[in-house]
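Structural overview
Next come the chains, spelled out residue by residue.
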Amino acid sequence: MASISIEKVTKIYPNGFEAIHELDLDVADGEFMVLVGPSGCGKTTALRMVAGLEDITGGTLRIGDRIVNDVSSKDRDIAMVFQNYALYPHMTVAENIGFALKLRKIPKAEIKKKVEDAAAILGLTEWLDRKPGQLSGGQRQRVAMGRAIVREPSVFLMDEPLSNLDAKLRVQMRAEVARIQRRLNVATLYVTHDQVEAMTMGDRVAVMRAGLLQQCDKPQVLYDHPVNLFVAGFMGSPAMNLFDATLGEGAATALVGSQKLELPSSLHAIRPALKSYANRPVIIGIRPEDLPVAGDEPAAIDEAVYFEGDVELVEALGSELLVHFTTDAHRVEAEGAKDADSEGLSAGALTKGGEGVARVEPRSQLVVGRRVRFRIDPARFHFFDPASGLSITS
Amino acid sequence: MRNRARHGWRRWINGPYIGAALIALFILLPMYWMLASSFKSQSNVGAYPPQYFPVPISTSGYHAAFADGFGGFVVNSLVVACCSTALVLFLGVFAGYALGRLPMRGKYPIMVSLLMISVFPEIAVIAPLYLVMRDIGWLNSYQGLIFPYTAFNLPFAVWILRNYFLGISMSMEESARIDGAGPLRTLVTVVLPQVTPGVFTAGVFTFTACWTEFLMALSFDFGKKTIPVGIASFGSQFTVPYGAYFAASVIAVVPIAILVLVFRKAVVSGLTSGAVKG
């Protein structure tokens, strides 16, 4: 078992494209680190560099105490699960799982035992004689996991291993993978573009964007204290509501569209830097679940701030309602909140400028077209500098 | 309405079936005629009106063919075709893998040159090649045919195999690499089993081409005749032994027929299914 230490690692392709810029990341022994970001952010490249499948242009990569920049994949003592599983179609499940052991010339009886143990952990015992083509997607995924765990590597690398499964199975396997990782207690680097996977599975989550590490922390910290607009928009679904606002004299008020929000002094105590933004534009952010309908909020809020919108659409999810509302404020599109495929969607004729989303109690009485009043705990507000996109914190 | 099920005689006698039957007849009739004629006596082969079924069945054509040394021609053809095919596949697998997978410069010019060579007419090179063969003393030898056949058939095999290699998921090779397999091991144990359809396709094409080649065999190996040259040399100035021609042709078709049957079995589509998501 070992840790992974990535120090100022850079990847520049022969055509001059810089995929990774001075990435610093440490994965402690036994830790589950999730690398998350939109497609093209360099997360898979980073993983492949750790795996030894891509050359490292600059920086130092350590596995354990050993610098492995120039060590070949097979000598790094790693195991990797690929997005498409990469099972060998002409071998049985048992042969697939035992392939790496066979290459290491481990005695047959021992291979058999290890394969059977791994299969037992993964519930594959009755499929050992089948070929991958005869298995379902979830079973193939488990074979890929089996191939990785049977080697007892120092480091696990996983490249979007759940992305080919259907939604329900993905939820099951998410827990399964996390459980296996805890049980084996091996440093794991897990790449995904799905922020839900990142939040639920990782001990820590590293958010990447355009080859740069944005923030690396525990999931809840990332969610509650995003360092910039990108992380704020990327983590959480539905994404954080972000509106242009202007702070008033002494930052005591915020003008969001035509609504003037009174910002209590308690907020300035938490975010003293806010004062320096007096009479200046900021971007104000609020998570959908921090927008309870006035009167429905679970606990009384001291110095609550009220915010209003017109109900445009209500999506009932059973356990909660997603309320799409409109205001006259200008909505800010954070890069991280957008899916590449949804490009231009929010600029469509059906979407109004100041639209926001609130996640409210399932039994809230809301009528489409009526005005709704949200009662907000001011401590839940996020503020960002419109020029740099950085969070205005201390 | 057009898709309604056909009943009664319409089920069997309809446009598509009649069309298919006609095409099959067009292809199979000469084959049948060859087979039937091989079992006719010499006098019945050219009989008028033609004899549709060989009565009485005679094996004189076969006796005549083997009396004329046909057995030796079969051996020559087998040696030359098998060796050439083996060489083509051996070299083609490595060349195809390198051109399909490995990072190397000048892949495109190489592929284009190979394509050009594969469509080059034999007749254009037969004279210089003859001189080369004569000078190195390879006339009337097996290697005098094996090497030219290999050279002429390799480009096509490389193209076929390269395309099959391209179809294999890269992550499978990477996975093998992480598992600890070297390049050769990866090729042999992971990649090659998945391109067997391609290997068989290239093999059957090469074997058939070598088996039926006439011009080079006639020019370089007039002493060690292969089947096509041997059949052409049956008879004499005054006799045309049709029975022997047909009998020899029937025997010559047998290995090809066997190969095609094996080939059909080998190309089980979906061999790669299940390896990656799909």
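Cut-off values and rules
Residues numbered from 1 in each chain as written. Chains lettered and ligands numbered in written order. Predicted model: local features only at pLDDT ≥ 70, side-chain atom pairs only at ≥ 80, totals over all residues. Heavy atoms only, no water. Pairing = 2+ DSSP bridges. Helix = DSSP H or I, 4+ residues; strand = E, 2+ residues; numbered from the N terminus. Axes fitted to C-alpha atoms, helices over the stretch in contact; angles between N-to-C directions. Expected span 1.5 Å × (residues − 1). Buried < 20%, exposed > 50% of the residue type's maximum accessible area, 1.4 Å probe, protein only. Contact = heavy atoms within 4.5 Å. Phe/Tyr/Trp six-rings, centres within 6.5 Å; stacked < 30°, edge-to-face > 60°. Domains from an automatic or database assignment. Buried area = accessible area lost by both parts, 1.4 Å probe. Salt bridge = Lys/Arg side-chain N within 4 Å of Asp/Glu carboxyl O. Polar contact = N/O pair within 3.5 Å; in protein donor to acceptor, adjacent residues only side chain to side chain. Nonpolar A, V, L, I, M, F, W, Y, C, P; charged D, E, K, R; others polar. Arc of directions from axis to C-beta. Patch = residues over 30% accessible without salt bridge, like charges linked within 9 Å, V, L, I, M, F, W, Y side chains within 5 Å. Areas by Shrake-Rupley, 256 points an atom, 1.4 Å probe, with all protein chains shown as cover. Lys, Arg positive; Asp, Glu negative; His and termini not counted. Charge placed at Lys NZ, Arg CZ, Asp CG, Glu CD.

Quick word on the sheet that holds strand β8 (residues 187–192) of chain A
All names here are of chain A.
- Read from one edge to the other, the open sheet built from six strands follows the order β6-β7-β8-β3-β9-β10, with strand pairing classed as mixed. Among the strands making up the open sheet, the edge pair consists of β6 (78–81) and β10 (212–217). The mean angle between the axes of side-by-side strands here comes to 15°, regardless of whether they run parallel or antiparallel.
- Bridge count for β6 against strand β7 (residues 155–159) is four bridges, and the pairing is parallel. Looking at β7, one finds that A79 is bridged to F156.

Section: helix α5 (residues 167–184) of chain A
All names here are of chain A.
- Here α5 is 18 residues long and its end C-alpha atoms lie 26 Å apart, about the 26 Å a rise of 1.5 Å per residue gives.
- Buried within α5 are the following residues: M173, R174, V177, A178, I180 and Q181.
- Among the structural elements, β3 (32–36), α3 (108–122), α4 (137–149), β7, β8 and α6 (195–201) are those in contact with the buried residues of α5.
- Residue N185 follows α5 closely and has a positive phi angle near 55°.

Considerations on the packing of aromatic side chains
- Under the counting rule described, the total for this entry stands at 22 aromatic pairs over all chains.
- Judged by centre distance (5.4 Å) and plane angle (40°), the rings of F32 of chain A and Y190 of chain A are tilted. Remark: Y190 of chain A occurs in strand β8 and F32 of chain A occurs in strand β3; sequence separation between them is 158 residues.
- Judged by its relative accessible area of 0%, F32 of chain A is buried.
- Here the aromatic rings of F325 of chain A and F374 of chain A are separated by 4.9 Å at their centres, their planes lie at 50°, and the arrangement is tilted. Taken together, the residues F325 of chain A in strand β16 (residues 321–327) and F374 of chain A in strand β18 (residues 371–376) connect sequence positions 49 residues apart. Note on accessibility: F325 of chain A and F374 of chain A belong to one class, buried.
- Aromatic rings pair up to connect F66, F70, F73, F234, Y242 and Y245 of chain B into one cluster.

Some thoughts on the domain arrangement of chain A
Residues and elements named next belong to chain A.
- Here chain A is partitioned into domain 1 (4–234) and domain 2 (241–384).
- On the side of domain 2, 11 residues touch domain 1, which itself brings 10 residues to the contact.
- Here domain 1 and domain 2 share an interface that buries about 1000 Å² over both sides, 56% of which is from carbon and sulfur atoms.
- The tally of links from domain 1 across to domain 2 stands at one salt bridge.
- One salt bridge connects R380 with D224, and the closest N-O pair in it is separated by 3.9 Å.
- For the interface between domain 1 and domain 2, the tally reads two residue pairs in polar contact (both at pLDDT 80 or more).
- Contributing elements (two or more residues each) for the side of domain 1 that touches domain 2: α7 (219–224) and α8 (229–234).
- Here the residues of the side of domain 1 that touches domain 2 are counted per class, giving six nonpolar, two polar and two charged.

Some words on helix α9 (residues 183–191) of chain B
- Along α9 of chain B, the residues classified as buried are T186, L187, V190 and V191 of chain B. In a view along the axis of α9 of chain B, the buried residues occupy a sector of 115°, so they form one face of it.
- In this fold, the buried residues of α9 of chain B make contact with α2 (93–103) of chain A together with α4 (70–101), α7 (143–166) and α8 (170–179) of chain B.

Notes on a nonpolar patch on the surface
Residues and elements named next belong to chain B.
- A surface patch of nonpolar side chains, amounting to about 1400 Å² of accessible area, comprises W9, W12, I13, Y17, I18, L22, L25, L29, Y32, Y52, F53 and V55.
- Within the secondary structure, Y32 sits in helix α1 (residues 15–38).
- Looking at Y32, the relative accessible area reads 32%, which means it is partly exposed.

Here's the deal with a positive patch on the surface
- Taken together, the side chains of K102, K105 and K108 of chain A together with R185 of chain B present a region of like positive charge at the surface.
- Along the polypeptide, K105 of chain A turns up in the loop between α2 and α3.

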